[in-house]
Amino acid sequence: MLSTFSSLWSRRSLLSILTRTNLRLIHGRTVLGSLWWLLDPIMMTGVYTIVVGFIRGKGNMHDPYPAFLLCGLISWKAFSQSIIQAITSLARNEGLINSFSFPKAVIPLSLVFSTHVLLLFAFWPLLAVVLFYEHVVGVASIHLGAAIFLLPIIIVTQLSLALGGALLLSALGAFFKDLENIMNHLLQALMFLSPCLYSIVDVLPNYKGLATLKWSGLRTLYVLNPMAHVLEAYRSVILYGRLPDFAGLFVALLVGVVATFVGLTFFRSQERRFAKVL
């Protein structure tokens, strides 16, 4: 495993080049370029605000439900898109794989990094929406405070989860051509099982954090979803200016590190077979 990390580190310049190439392709593919990456969650925020917000009585100007939704949707988009794009990444780079000798893991890794670079840019419009609700509308519950400096920790946690999933599924995607369609449906279902459109307290009304959780009933299994803690942490530091649930965030990071280790190990074990099946 140490040799694997050493090999990836020695090719970090290639990883950087592929990441920048991915960003240029996204930017140059359409007229609006990378703006579509942000427009998609913005439009979905509008749809869900109407469908969910008004039905639940969250449709007035003083309820920051759109900011709540946008925070969850852009975070989820970065996670899910990293995995979906990684599944077919090896097949799309068949020529590169068959032409040069290099650690093939840099291909799915570059997609994860480029997607999370876009996430960093997407946070700026979100911060503008948060400031609008805080200072223009005057919503007391919204506050952009010093907790925002904890944002890199949350991003790294999500990045570790995305890296683990991308490495494992990109290797499997080289052999199972239907995997992309399967994962599209599974990730869509997982989004509704994660606190994207709602808060974790809507599922566990007395939830105060993982450390104080009393395990009882099937609903408590909800907290086993690591992305639930990541999404809640984003909202804590961006929307409410408070500290995240560090216990939940630590568990999510631990899952991400293990997933990355497992994913990289499996990827390396199958790497020699890629040229034969692509």
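Preceding this paragraph is the structure being described.
The structure reproduced in this document is the subject of the present report. Predicted model only: the values in this text are computed from it and were never measured.

Here the focus is the overall build of the chain. Of regular secondary structure, the chain possesses 12 helices and zero strands. Element order for the chain, N to C, with α for helix and β for strand: α-α-α-α-α-α-α-α-α-α-α-α. A separation threshold of at least 6 residues defines the contact pool for the chain, and within that pool the share at least 24 residues apart is 78%. Within the structure as shown, the chain displays about 14,000 Å² of accessible surface, and the carbon and sulfur contribution to it stands at 69%.

As a rule of thumb, soluble globular proteins bury nonpolar side chains together. Counting 84 residues, the largest nonpolar core has Phe123, Tyr234 and Ile238 as the members making the most contacts within it. At the level of secondary structure, the elements contributing two or more residues to this core comprise helix H2 (12–28), helix H3 (35–53), helix H4 (65–87), helix H7 (106–137), helix H8 (151–173), helix H9 (179–192), helix H10 (226–238) and helix H11 (246–270). Each residue touching Ile238, except ones within four places of it in the same chain, is listed here: Cys71, Phe123, Leu126, Leu127, Val130, His143, Leu144, Ile148 and Leu151.

Below, the discussion takes up H4. Spanning 23 residues, H4 covers 33 Å between terminal C-alpha atoms, matching the ideal 33 Å at 1.5 Å per step. For H4, the buried fraction is high: 21 of the 23 residues fall into the buried class.

A word on the packing of aromatic side chains. On inspection of all chains with the given rule, the structure shows five aromatic pairs. Geometry around Phe102 places Lys104 over its ring, the cationic atom sitting 4.9 Å from the centre. Residue placement shows Arg235 over the ring face of Phe68; its charged tip is 3.6 Å from the ring centre.

Counted under the stated rule, the structure contains three salt bridges. For the salt bridge of Arg235 with Glu232, the shortest nitrogen-to-oxygen distance reads 3.9 Å. A residue pair is termed a helical-turn pair when its members lie 3 or 4 positions apart in one helix, as Arg235 and Glu232 do in helix H10 at three residues. Taking the relative accessible area as the measure of exposure, Arg235 reaches 2% and is therefore buried. Ionic pairing is found between Arg268 and Glu271, a salt bridge with its closest N-O pair at 2.9 Å. Residue classification places Glu271 among the buried residues on the basis of a relative accessible area of 12%.

This part covers H8. Along an α-helix, residues three or four apart share an orientation, since each turn contains 3.6 residues. Spanning 23 residues, H8 covers 32 Å between terminal C-alpha atoms, matching the ideal 33 Å at 1.5 Å per step. The element H8 is largely enclosed, with a buried count of 18 among its 23 residues.

Considering all chains together, one arrives at zero disulfides under this definition. Cys71 takes part in no disulfide bond, and the closest cysteine sulfur, belonging to Cys196, lies 9.6 Å away. Owing to a relative accessible area of 0%, Cys196 belongs among the buried residues under this scheme.

Quick look at a nonpolar patch on the surface now. A cluster of nonpolar residues, Phe250, Val251, Leu254, Val255, Val258, Phe261 and Val262, forms a patch on the protein surface that exposes about 610 Å² of accessible area. By the element assignment, Val255 lies in helix H11.

Attention now moves to the packing of H4 against H9. For the pair H4 and H9, the least separation of the axes is 10 Å and the interaxial angle reads 165°. Judged by the inter-axis angle, H4 sits roughly antiparallel to H9. Crossing angle aside, the handedness with which H4 passes H9 is right-handed. On the side of H4, the interface is formed by Leu73, Trp76, Phe79, Ser80, Ile83, Ile84 and Ile87, while H9 contributes Leu179, Glu180, Met183, Asn184, Leu187, Leu190 and Met191. Of the residues assigned to the contact of H4 with H9, the class counts are 11 nonpolar, two polar and one charged.

Bringing the environment of Asn225 into the picture now. Following the sequence through the fold, Asn225 ends up in the loop between H9 and H10. Asn225 sits 30 residues away from Pro195 along the chain, and the two C-alpha atoms are 9.9 Å apart. Among the polar contacts listed, one links the side chain of Asn225 to the side chain of Ser194, at a separation of 2.7 Å.

Our next topic: the side chain of Lys104. Here Lys104 is to be found in the loop between helix H6 (94–99) and H7. Buried within the structure, Lys104 lacks any salt-bridge partner; its nearest side chain of opposite charge belongs to Glu271, at an N-O separation of 4.3 Å. Filtering out sequence-adjacent residues up to four positions away, Lys104 remains in contact with Leu90, Ile97, Phe267, Glu271 and Phe274.

Definitions and cut-offs
- Residues numbered from 1 in each chain as written.
- Predicted model: local features only at pLDDT ≥ 70, side-chain atom pairs only at ≥ 80, totals over all residues.
- Heavy atoms only, no water.
- Helix = DSSP H or I, 4+ residues; strand = E, 2+ residues; numbered from the N terminus.
- Contact = heavy atoms within 4.5 Å.
- Areas by Shrake-Rupley, 256 points an atom, 1.4 Å probe, with all protein chains shown as cover.
- Core = buried A, V, L, I, M, F, W, Y, C linked by side-chain atoms within 4.5 Å.
- Buried < 20%, exposed > 50% of the residue type's maximum accessible area, 1.4 Å probe, protein only.
- Expected span 1.5 Å × (residues − 1).
- Phe/Tyr/Trp six-rings, centres within 6.5 Å; stacked < 30°, edge-to-face > 60°.
- Lys NZ or Arg CZ within 6 Å of the ring centre and 35° of its normal.
- Salt bridge = Lys/Arg side-chain N within 4 Å of Asp/Glu carboxyl O.
- Disulfide = S-S within 2.5 Å.
- Patch = residues over 30% accessible without salt bridge, like charges linked within 9 Å, V, L, I, M, F, W, Y side chains within 5 Å.
- Axes fitted to C-alpha atoms, helices over the stretch in contact; angles between N-to-C directions.
- Parallel < 35°, antiparallel > 145°, perpendicular 65-115°, else oblique.
- Left-handed = near helix turned anticlockwise from the far one by under 90°.
- Nonpolar A, V, L, I, M, F, W, Y, C, P; charged D, E, K, R; others polar.
- Polar contact = N/O pair within 3.5 Å; in protein donor to acceptor, adjacent residues only side chain to side chain.
- Lys, Arg positive; Asp, Glu negative; His and termini not counted.

The quantities given are spatial measurements derived from coordinates; they are silent on function.
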